[in-house]
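Letter by letter, the chains look like this.
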Amino acid sequence: MEKVYWLDQIKLQDRAKVGDKAFYLSRIMQRGYPVLPGFVVSAEVLQQFLETINSSESLVADLPHSSLHLDVANWRQLQLVAGRLRQEIMAATVPPQWISTIFAAAREWQTRHLILQPTLSVSNTAQGIGNTSGLLESIFCYCDEDAIAFGLKRIWSQLFRARSLLYWQRVGIDLQNVNLAVLVQPMQNAIASGSLHANFSEWTIEATRGLGVALTRGEVLPDVYHIQPETGIILERNLGNKLLAYCLDDGIAASDPSILQSVLTDENTGLLAHLVTEDQQKQYALTEQNLQRLIDLGNQLVTELGNSFTVRWSISDADSVQITEGSIPPSTIPNLQLIKGLGAATGRVTANAYVINALQKPEQIPQGVVLVVPAIAPDWLSLMQQVVAIVTTQGGLTSHAAILSRELGIPAVVSAKDATILIQTGEKLLVDGDRGEVYRLRESKAGTGENQEINSTTSFLHNQLVSPHLPMIATQLLVNLSQPSLIERSQNLPVDGVGLLRSELMLLNLLQGQHPHGWLLSGRRDELLELWSQQIIQFVSAFSPRPVFYRSLDWRFHEFSSLAHTPPSTSHSILGDRGTFSYVNNPAVFELELAALLNVQKAGYNNLRLLLPFVRNVAEFTFCRHKVEQIGLTQMSQFQLWMMAEVPSVLFLLPEYVKAGVDGISIGTNDLTQLLLGVDREQGQLTKIFDERHPAVMGAIAQLIQMAKNAGIPCSICGQAPALYPEIIDQLVEWGITSISVEPEAVKRTHQAIARAEQRLILAAARRTLH
């Protein structure tokens, strides 16, 4: 260990050594913002430490040069190996000269308390780390040599916990490529702590009392402020549920009247948890003056960092605001050219571009590229599984490119104007699906390899696998799926089943380029029936006994024009002969589909439900109901026949559908919005008009939920609205929605939004009772 890396001195080429968290924080500090000071013990130090454990019997000895391949399915072996690795690390001695160097640096702050934070980067891979909350945790310690040595080993050993080893292997990242550094910062007591998340449409400030520990650990519901970016006006404020707060054991507990009772003191860290008085619980954590300070800080950050960023902050006893953590747009990094679009699927990835200027589906696409194309139709699905990100010049947040990318867990930027003209095949791109930005990476003049380090894809798998324990919720949370390749990763998510199994996308993998009608014409009915049945069984068996809502085929024929033997249709219509109308016109394929569902029942599965798409009138539903009964699906008592509530006529006809035998409805916000507002959801330039939060759409949703409650049937929602706009979940829960179904990547944040909404309702009811 030669040196530590001070935040105010970190360079771009140091990124792999100091990790993403410290790198971003250094960028903010070096622009003159009030960042909590700190230095980094680089990732190289961990490698050197592991090499000092050179016992021939040590498992750790080979780690610097090994990817440690384990059978992660063998839980006993995984636990034993992880436990042995951590024991060896904790038992080893950190070289005293290293600790002396760190202690000498920390002593400059003249503080009693330190926080050690893991800061990660990944090298030699297209995958990145993303948010590591729940995977690696910060450590508090006293500022003395023994405590620092112990704290370092605790941070390092977390890399080899069972859940960490499981994660690295599941996402295909070798341990050799994981760079774990440690950010060391002084700790002081705080009046309040929290986060500021900024985007183009709104800022959100979350705040809790004391240190930010309770918020990080999910032990409190924070106060939430919604701010209008242009004016700084507070649009809405919601009082949280802050029973618990943390401080340091330096005498504040004796002098702070808000502390009701100490409940926990950690003698090793100096961290004190305490209950807050009832009066303080009824007050916001931020004074108006401190709230304004944060808004002013946000305005300053926007000026230099752009409209989209996130920072964590704390306010000390002296009312000074300090940034403790932050992420900034890559636009603050030199040697980049930017193309703006709409962020449609979360994540960031760096790869070479593959540009297609035509709308026709190509024969093949190279593996591991960024696909840049005008638009994508559903029958491109097999090609999309070859790419690592998607950029389209057309389409909105509910376009096929956006929906498919979210399900596949790859970043996507849509409505990126002129991208197919500006970008050339082979050009290196950084696609940021969170911010809707595409960066054309130029060669660095300094030759330091900066561009190769700009590499941090966030996968939904990571966000869900390593989440801390989530609170219980009463509203059912379901997941939208279509691809068998995602079953293994999705079945362990905290969901109550599959709320939308998109059959047409599921089936594309089997059809061999032919429409099902073509299989029937060529006498291959039984072959397709077997394939179809087995494909559905993969989903129902994986999620059993949780329900799987199978949406029958919803062919928009112009979108599947590449399939051979596609029946004639109004090919230029955005609606076409889609939904149940096509079943009435051509029942043969629907009958085959029902036969496949019956095979699933005969295989012993009773958790399958049928969801009819795009039902225009009661006659269409009655036709389908008759077919379902005729084939024998209703003989299983658990079977249910639902319909999508997406054609506006359902607002007037739902009582008639209930009389006709519908067992439940699922609101499809994508089609409901475009039909109510008269906007094609594939047109990105109309994004401002296509908004599921429009009063007409929200009014229709509220009406459908109430009508379903009056009729005594369940009402779900499976469109993109809850995932794109989590703020509407409060209203959905308050109105009485039965379940919410979202893409896999949105499960965690939707779960948290539901929990928060239910907590608010409970608190509101409790307050009404008290008064």
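Residues numbered from 1 in each chain as written. Predicted model: local features only at pLDDT ≥ 70, side-chain atom pairs only at ≥ 80, totals over all residues. Heavy atoms only, no water.

Student: In this structure, what is going on with the packing of helix H24 (residues 669–677) against helix H25 (residues 695–711)? I would like to understand it.
Tutor: Helix-helix packing is described using two parameters, namely the angle between the two axes and the distance between the axes. Their axes nearest at 10 Å, the elements H24 and H25 cross at an angle of 125°. The pairing of H24 with H25 is recorded here as oblique in orientation. Where H24 crosses over H25, the handedness of that crossing is right-handed. On H25, the residues that touch Thr669, Leu672, Thr673, Leu676 and Leu677 of H24 are Ala696, Val697, Ala700, Ile701 and Leu704. When the residues that make up the contact of H24 with H25 are grouped by side-chain class, the tally is eight nonpolar, two polar and no charged. (Axes fitted to C-alpha atoms, helices over the stretch in contact; angles between N-to-C directions. Helix = DSSP H or I, 4+ residues; strand = E, 2+ residues; numbered from the N terminus. Parallel < 35°, antiparallel > 145°, perpendicular 65-115°, else oblique. Left-handed = near helix turned anticlockwise from the far one by under 90°. Contact = heavy atoms within 4.5 Å. Nonpolar A, V, L, I, M, F, W, Y, C, P; charged D, E, K, R; others polar.)

Student: Can you help me understand the environment of Ile173 in this one?
Tutor: Looking at where Ile173 falls in the secondary structure, it is placed in the loop between helix H6 (162–170) and strand E5 (178–186). Counting along the chain gives 51 residues from Ile173 to Val122, while the straight-line C-alpha distance between them is 8.3 Å.

Student: Help me out: how do you make sense of the side chain of Arg27 in this one?
Tutor: Residue position: Arg27 is located in helix H1 (residues 15–29). Salt bridges are absent for the buried Arg27, whose nearest opposite-charge side chain, Asp14, sits at 6.9 Å. In this structure the side chain of Arg27 is engaged in a polar contact, spanning 2.9 Å, whose partner is the backbone oxygen of Ile10. (Buried < 20%, exposed > 50% of the residue type's maximum accessible area, 1.4 Å probe, protein only. Lys, Arg positive; Asp, Glu negative; His and termini not counted. Salt bridge = Lys/Arg side-chain N within 4 Å of Asp/Glu carboxyl O. Polar contact = N/O pair within 3.5 Å; in protein donor to acceptor, adjacent residues only side chain to side chain.)

Student: Please clarify how unusual backbone geometry should be interpreted in this entry.
Tutor: If a residue is not glycine, its phi is most likely negative; likewise, a peptide bond is most likely trans. Residue Pro545 follows Ser544 across a cis peptide bond; omega there is 5°. Take Pro545: it is sitting in the loop between helix H19 (525–543) and strand E25 (548–551). At Gln110, a position not held by glycine, the phi torsion is positive, near 55°. Considering the arrangement of structural elements, one finds Gln110 in the loop between helix H4 (96–106) and strand E3 (113–122). In this structure, Phe614 is a non-glycine residue whose phi angle is positive, near 45°.

Student: What's the story with the packing of H4 against helix H5 (residues 145–158) in this structure? I'm lost.
Tutor: Their axes nearest at 10 Å, the elements H4 and H5 cross at an angle of 110°. Taken together, the axes of H4 and H5 are roughly perpendicular relative to one another. Along this stretch, H4 crosses H5, giving a crossing that reads as right-handed. Taking contact as the criterion, the partners of Ile99, Ser100, Ile102 and Phe103 in H4 are, on H5, Glu145, Ile148, Ala149 and Leu152. Of the residues contributing to the contact of H4 with H5, the split by class is six nonpolar, one polar and one charged.

Student: I tried to follow the packing of aromatic side chains on my own but got confused; where do I start?
Tutor: Aromatic rings considered in pairs are described by the distance between their centres and by the relative angle of their planes. Here the structure, examined in full by the defined rule, presents nine aromatic pairs. Ring geometry for Phe621 versus Tyr657: centroids 6.1 Å apart, planes at 80°, classification edge-to-face. Of this pair, Phe621 sits in helix H22 (residues 618–631) while Tyr657 sits in helix H23 (residues 650–660), and the two are 36 residues apart along the sequence. A relative accessible area of 0% means that Phe621 is categorised as buried. Residue Tyr657 is classed as buried on the basis of its relative accessible area of 0%. (Phe/Tyr/Trp six-rings, centres within 6.5 Å; stacked < 30°, edge-to-face > 60°.)

Student: Quick question: what am I supposed to make of the sheet that holds strand E14 (residues 321–327) here?
Tutor: In a beta sheet, neighbouring strands are held together by backbone hydrogen bonds and run either parallel or antiparallel to one another. One open sheet accounts for six strands, arranged E9-E8-E7-E6-E13-E14; its pairing is antiparallel. Every interior strand has two partners, whereas the edge strands, strand E9 (234–238) and E14, have only one. With strand direction ignored, the average angle separating the axes of adjacent strands in the sheet is 20°. Sheet topology note: the strand E13 (residues 309–316)/E14 ladder contains six bridges and is antiparallel. Bridge pairing in E14 places Arg312 opposite Glu325. (Pairing = 2+ DSSP bridges.)

Student: Just to check I follow, could you spell out the nonpolar core for this structure?
Tutor: If you look at soluble globular proteins, the nonpolar side chains tend to sit buried side by side. If you look at the biggest cluster of nonpolar residues, it comprises 110 residues, and the most contacted ones within it are Trp532, Ile536 and Leu612. In contact with Leu612, other than residues within four places in its own chain, are Ser552, Thr580, Tyr583, Phe590, Phe621, Cys624, Leu641, Trp642, Met643 and Met644. Counting residues in each nonpolar core, the second largest holds 51 residues, with Leu50, Leu152, Ile155 and Leu166 among its members. (Core = buried A, V, L, I, M, F, W, Y, C linked by side-chain atoms within 4.5 Å.)

In short, geometric facts, not functional conclusions.
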